[in-house]
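# Chain and residue survey
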Amino acid sequence: MQLNLNKGIRRKTISMTPLIDVVFILLLFFMLTSSFIKWQQMQLAVSGPSATSVATSDNPPLIARLSSDGQVSLGGENFLSNEDEALKAFIDRHEPSRILLTTDEETSIQQIVSLIDRFQRLGATNVSFNVD
Amino acid sequence: MKLFTSAQNRKDKDDNLIPLINVVFLMLIFFMLAGQITASDAFKVTPPSSLIEAPVLEAIEFEVLFNADGDLALNNTLMTLEDIKSLLSESKQSQQDAEINVALKADADVSAAQLKPLLTALTEIQVNQVTLYTRQVITQQ
């Protein structure tokens, strides 16, 4: 009798293979559709020939030049990439209403974004990209 | 005796699978929670990285994709610069000259010479605001 009871308790083991199949398919789906890029927005002010410039301040805009090899000049003065303090002092001294950014033809967007980043970090928030 | 050993073998195989299933479940949970499901773009674009923290606040109606080969797409449809220009000005007119904002998802390698015609076209149709999409990088301080 006891032997019979033991036989009744013993269950058929569930096959794992279909479960693993489904889980693998779900895993593949989530791996392929997930994106981990953290998107950010940057307002890109564009100053073109048709843009009307409004003088909001007495200070004239400063002209920044960015060459394709990464050289930066602001208001005619050259600044190296490690001369943040000199650049900040220059910006503080002139307090430009805005900075007009002109670049070489070969300059990449990455370089432009990095320079706008740098200007914003140093307190010049009104940078517009010149497309003339 | 033979039957017994085969049953024993099968049980052993299933036992070996359990750690695998554990790992796969963990990976599944990770990708489900950490990733965001997004629609794929018309072509691959690697946006420039930026240190300024400005998370995406709202979706912008018009999204221009631009890669270093010069391919252009408006709202995930491949088209030429002329088409984009006419489509945007049409939609501006149909909305009684309402302010239109354009998001620009451009590849980091796009050069200024490639970017200028697009930005000139956007200023010509008096787009209110051009927003450049960038990618956040971890700051090393």
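The model shown is predicted, which means the values in this text are computed figures rather than measured ones. (Residues numbered from 1 in each chain as written. Chains lettered and ligands numbered in written order. Predicted model: local features only at pLDDT ≥ 70, side-chain atom pairs only at ≥ 80, totals over all residues. Heavy atoms only, no water.)

## Comments concerning the environment of Ala124(A)
Residue and element names in this part refer to chain A. Tracing the backbone shows Ala124 in the loop between helix H4 (109–121) and strand S7 (127–130). Given a relative accessible area of 7%, Ala124 falls into the buried group. Taking the C-alpha atoms as reference points, Ala124 and Glu95, separated by 29 residues in sequence, lie 8.1 Å from one another. For Ala124, the residues in contact, after removing those within four places along its chain, are Ile91, Ile99 and Phe119. (Helix = DSSP H or I, 4+ residues; strand = E, 2+ residues; numbered from the N terminus. Buried < 20%, exposed > 50% of the residue type's maximum accessible area, 1.4 Å probe, protein only. Contact = heavy atoms within 4.5 Å.)

## Here we look at the nonpolar core
Counting residues in hydrophobic clusters, the biggest one holds 47 residues, and the most contacted among them are Leu74(A), Leu101(A), Phe119(A), Phe129(A), Leu104(B), Leu119(B) and Leu122(B). Here this core takes six residues from H4(A), the largest share from any one element. Sequence-distant contacts of Leu74(A), that is, excluding residues within four places in its chain, are made with Leu62(A), Ile63(A), Ala64(A), Phe79(A), Leu87(A), Phe90(A), Ile91(A), Ile99(A) and Phe119(A). Counting six residues, the second-largest nonpolar core is a separate cluster that includes Val23(A), Leu27(A), Phe30(A) and Phe31(B). (Core = buried A, V, L, I, M, F, W, Y, C linked by side-chain atoms within 4.5 Å.)

## Overview of the UniProt feature "transmembrane region" (unreviewed entry) in chain A
The UniProt entry lists residues 20–39 of chain A under the feature "transmembrane region" (unreviewed entry), expressed in the numbering used here. Between the first and last C-alpha atoms of residues 20–39 of chain A the distance is 34 Å; the span itself is 70% helix and 15% strand. (UniProt positions renumbered as here; feature names shortened; annotations may be inferred.)

## Overview of the interface of chain B and chain A
At the junction of the two partners, chain B supplies 49 residues and chain A supplies 39 residues. Here chain B packs against chain A, burying approximately 4,400 Å² in sum over the two surfaces, 66% of which is carbon and sulfur. By the criterion of area lost to chain A, the three top residues of chain B are Phe31(B), Lys116(B) and Leu132(B), representing 14% of everything that side buries. Our count for the contact surface shared by chain B and chain A stands at one salt bridge. A salt bridge links Glu105(A) to Lys116(B), with the nearest nitrogen and oxygen atoms 3.5 Å apart. Linking chain B with chain A are 15 residue pairs in polar contact (both at pLDDT 80 or more). Of all the secondary structure elements, the ones that give two or more residues to the side of chain B that touches chain A are helix H1 (2–34), strand S1 (36–37), strand S2 (49–50), strand S6 (101–106), helix H3 (112–124) and strand S7 (129–136) of chain B. (Buried area = accessible area lost by both parts, 1.4 Å probe. Salt bridge = Lys/Arg side-chain N within 4 Å of Asp/Glu carboxyl O. Polar contact = N/O pair within 3.5 Å; in protein donor to acceptor, adjacent residues only side chain to side chain.)

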